[in-house]
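# Coordinates in review
Residue-level listing of the chains:
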Amino acid sequence: MIEVRDAGKQFVLHNQGGTVLPVMEGASLRVGPGECVALTGASGVGKSTLMRMIWGNYRCDAGSIRVDGVELRNAAPRDVLALRRDRLGYVSQFLRVIPRVPALDVVAEPLLVQGMEEAEARLQAGAMLAKLNIPQRLWGLSPTTFSGGEQQRVNIARGFIHPWPAMLLDEPTASLDAANRAIVLDLITDAKRRGAAILGIFHDADARAAVCDREVDVQGFAPKERAA
Amino acid sequence: MTEYNFAYLDEATKRMIRRALLKAVAIPGYQVPFSSREMPMPYGWGTGGVQVTAACLVPEDSLKVIDQGADDTTNAVSIRSFFEKVAGVATTESTADASVIQTRHRIPEAPLVAGQILVFQVPIPEPLRFLEPRETETRTMHALEDYGLMQVRLYEDIARHGEIARAYAYPVKVEGRYVMDPSPIPKFDNPKLNMSPALQLFGAGRECRIYALPPFTRVESLDFEDYPFTPSKAAGHDCAICGAQDSYLDEVITDDSGGRMFVCSDTDYCATRAAQMEANA
Amino acid sequence: MTPLLQVEGLSKRYGAHIGCADVDFTLWPGEVMGIVGESGSGKSTLLNCLAGHLAPDTGRVILDTRAHGPRDTLTMSEPERRWLARTDWAFVHQNPRDGLRMGVSAGGNVGERLMAVGARHYGDIRAQAADWLTRVEIDTARMDDRPSTFSGGMQQRVQIARNLVTGPRLVFMDEPTGGLDVSVQARLLDLLRGLVRRLGLSVVIVTHDLSVVRLLADRLMVMKDGHVVEEGLTDQVLDDPQHGYTQLLVSSVLHV
């Protein structure tokens, strides 16, 4: 489902004398349907970079990244957009939303984009928020006013509202209490059961142990001169 | 008659105006620019109409001049005497006897017939003027038949007053093409513009524009399907002199204590009817 | 699927000065494309060339018209282009005063495009105007008031309703949130996003505000000195800019 082969990435800082900063080299991994794979490695080694390359907001400069058969390297914007709409989900660490848009609408949006009726989409969004213990009185408020844990749960609700066949999870259980963490792990387990291919970053070792089938150490993808 | 060329204007000027008139007749409702001359009367007193009349007159013509329907008001009297002096043509107050009728803001009640020419005095020829002040833009709008804005004006009337409030200079569409200002005639007269056997010519002196409705031209007043055009007038009154029920009436204040009467605005129509009634009595 | 808009080799010079040069792109139905760059980068020139307000020197702008399929709008006659401007496409100006008739009621402003394409039933026109004013969150009790009595944000919403009432498929927007307070901007952005999604609109939006394009645009084109220096997916261009100018532009944004 998610297939990375020899992927490489470098940053060129044009405004700092054209400094070339290689950040990844020869990255390869596969995540099959129903499988959850954790990216591991020390902070700054490139876990988030690899996630972003798969999501498509970081350009892949070498090798190949395929999600559900779609090649992301040099992909046309519309192909990436279509992939994100239907087949690739992403729970980021931070919630980025338009101020003043109610939490319910934030969560319902991925469904609306797929053309679901507004009433039905809101109903499903409400059910998902309820599952994640966001009290109903908050649904009509903008998540920008929420606490960190509440924002993260809104983000997760949005990330799990549609059964994407491939999912990227960036620290989904960070800043959650034990009860909510258990709910999120259940969501991940359910997603695996329905056949989703999941690639995640989990700092929380217990969470990783609970849902992940394999680990891939990103340290091995560090550029050679830096790894030395 | 040695002091003036026939009908005041020199022949070259008449030729220029006639060319504009021919073009106007060829494109009904289209405003044709012409080189308006200084006339021995102020702007706003019918300089456009007078030039058109001068260009149309032949010595055999019989001229009638009306101002708001009346033959005996200042404007009508002075223009009539002007042409008596500079053209020496016969003049008449009878609509039926006239071959050329110059009018300010009315169409005679008696039906016009083939061969007659009705000349309108026009203060502002551009129907889109107060909606779009740029002349370059209004010309383009006419050229492209971009008339949504005209309809917006009527929409605004209904939104604000519950009906189309415009009572005079009510815009019309000519042969389904050009939107035209019919000069400040009451909207009561608008239906008379449609399919008239007479030739109708419009002259705007200050604005240097001439436009025309050839005989039997289709002229529709703009409206909405659910707010159709109605040629209304003062309701509930008959003419106090001739008793006419079908004519356009003027309200005349008769004393200082609120006394008033309604009489025909078309003096010839009223007088003709009154004379008939007397003869029949 | 047929592209909604295909732009090929579009250039416009002002004497020796380059307005925009060799612009090519393809816009698909339902896509929102942002054009960013600083003042004088040519983004407004490009937008005006696309919308037929300016005649470019070279190039083609092929629109998939509803009535006749793909047509080059630059070689169309003026009446055809004006007809398009009342039907297939719309233009939202930065300053509502440029896009509204300030002396005509809000309802009249919205109804004008309907009347311009031949609507002649007052009740229907009024009902549609009221419906659209409601969609842009303007109280219908105010539909007979003139926009001059409205706030800037309301005026901008009336302008949007006026543009969308005839169901265009392509909307050009020139800094639509430009003169508005930040809180009003957010509401307008949310409204625009909803309309884009519900109506399947394609949008070309010019702005210098990167947060506006981040929230609204699927794709981005970065312009400098009349040239497109970078284009791609919005979050890719903003998160991983490739061109030096884009890197400078992105790093110049203040984060709060």
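As annotated in an unreviewed UniProt entry, chain B carries the name Alpha-D-ribose 1-methylphosphonate 5-phosphate C-P lyase and comes from Roseinatronobacter ekhonensis. Of the comments in the UniProt record for chain B, the one headed Catalytic activity (unreviewed entry) reads "alpha-D-ribose 1-methylphosphonate 5-phosphate + AH2 + S-adenosyl-L-methionine = alpha-D-ribose 1,2-cyclic phosphate 5-phosphate + methane + 5'-deoxyadenosine + L-methionine + A + H(+)". For chain B, the Function (unreviewed entry) comment in UniProt is given as "Catalyzes the breakage of the C-P bond in alpha-D-ribose 1-methylphosphonate 5-phosphate (PRPn) forming alpha-D-ribose."

An unreviewed UniProt entry lists chain A under the name Alpha-D-ribose 1-methylphosphonate 5-triphosphate synthase subunit PhnL, with Roseinatronobacter ekhonensis as the source organism. Under the UniProt heading Sequence similarities (unreviewed entry), the note attached to chain A is "Belongs to the ABC transporter superfamily."

## Describing helix 1 (residues 47-55) of chain A
All names here are of chain A. When you tally the buried positions in helix 1, you get seven out of nine residues, the bulk of the element. For helix 1, the complete set of buried residues consists of Lys 47, Thr 49, Leu 50, Met 51, Met 53, Ile 54 and Trp 55. Gly 56 occupies a position one or two residues after helix 1 and carries a positive phi of about 105 degrees.

## Section: the sheet that holds strand 8 (residues 197-201) of chain A
Residue and element names in this part refer to chain A. Judged by pairing direction, the sheet is parallel, and its five strands sit side by side in the order 6-7-8-3-9 without closing on themselves. Taken across any chain shown, the strands that pair with only one partner, and hence form the sheet edges, are strand 6 (88-91) and strand 9 (214-217). Between one strand and the next, the sheet's axes are offset by a mean angle of 20 degrees, whatever the strand orientation. Pairing between strand 6 and strand 7 (residues 166-170): four bridges, direction parallel. By the bridge assignment for strand 7, Leu 88 is matched with Ala 166. Lying on the sheet, helix 6 (residues 178-193) is in contact with strand 3 (36-40), strand 7 and strand 8; it crosses strand 8 at an angle near 150 degrees.

## Section: the packing of aromatic side chains
Applying the stated criterion across every chain yields a total of 15 aromatic pairs over all chains. Note on Phe 188 of chain B and Tyr 248 of chain B: the rings are 5.5 Å apart at their centroids and 35 degrees apart in plane angle, and the pair reads as tilted. With Phe 188 of chain B in the loop between strand 7 (178-180) and helix 6 (190-193) and Tyr 248 of chain B in the loop between strand 10 (219-221) and strand 11 (249-253), the pair connects residues that are 60 residues apart, well separated along the chain. For Phe 188 of chain B, a relative accessible area of 13% gives the class buried. Taking 5.0 Å as the distance between ring centres and 80 degrees as the angle between the ring planes, the aromatic pair formed by Tyr 227 of chain B and Tyr 122 of chain C counts as edge-to-face. Taken together, the positions of Tyr 227 of chain B in the loop between strand 10 and strand 11 and Tyr 122 of chain C in helix 5 (residues 122-135) put the pair across two chains. Taken together, the ring pairs in this structure connect Tyr 4, Tyr 8, Phe 82 and Phe 83 of chain B into an aromatic cluster. When the ring centre of Trp 28 of chain C is taken as origin, the NZ or CZ atom of Arg 78 of chain A, which lies over that ring, is 3.5 Å away. Here Arg 177 of chain B stacks its cationic end above the ring of Tyr 178 of chain B, 4.2 Å away from the centre of that ring.

## Some words on the interface of chain B and chain C
Contacts between chain B and chain C engage 21 residues on the former and 22 residues on the latter. On the chain B side of the interface with chain C, the three residues burying the most area are Leu 144, Val 152 and Tyr 155 of chain B, jointly 30% of the side's total. Scanning the region where chain B abuts chain C turns up three salt bridges. Between Asp 146 of chain B and Arg 86 of chain C there is a salt bridge, with its nearest N and O atoms 3.6 Å apart. Inspection of the chain B/chain C interface yields ten residue pairs in polar contact (both at pLDDT 80 or more). Listing elements by their share of the side of chain B that touches chain C, those giving two or more residues are helix 4 (135-143) and helix 5 (148-161) of chain B. The dominant element in the side of chain B that touches chain C, judged by the number of residues it contributes, is helix 5 of chain B, at nine residues. Classifying every residue of the side of chain B that touches chain C by side-chain character gives ten nonpolar, three polar and eight charged.

Cut-offs used in this document
Residues numbered from 1 in each chain as written. Chains lettered and ligands numbered in written order. Predicted model: local features only at pLDDT ≥ 70, side-chain atom pairs only at ≥ 80, totals over all residues. Heavy atoms only, no water. UniProt positions renumbered as here; feature names shortened; annotations may be inferred. Buried < 20%, exposed > 50% of the residue type's maximum accessible area, 1.4 Å probe, protein only. Helix = DSSP H or I, 4+ residues; strand = E, 2+ residues; numbered from the N terminus. Pairing = 2+ DSSP bridges. Axes fitted to C-alpha atoms, helices over the stretch in contact; angles between N-to-C directions. Contact = heavy atoms within 4.5 Å. Phe/Tyr/Trp six-rings, centres within 6.5 Å; stacked < 30°, edge-to-face > 60°. Lys NZ or Arg CZ within 6 Å of the ring centre and 35° of its normal. Buried area = accessible area lost by both parts, 1.4 Å probe. Salt bridge = Lys/Arg side-chain N within 4 Å of Asp/Glu carboxyl O. Polar contact = N/O pair within 3.5 Å; in protein donor to acceptor, adjacent residues only side chain to side chain. Nonpolar A, V, L, I, M, F, W, Y, C, P; charged D, E, K, R; others polar.

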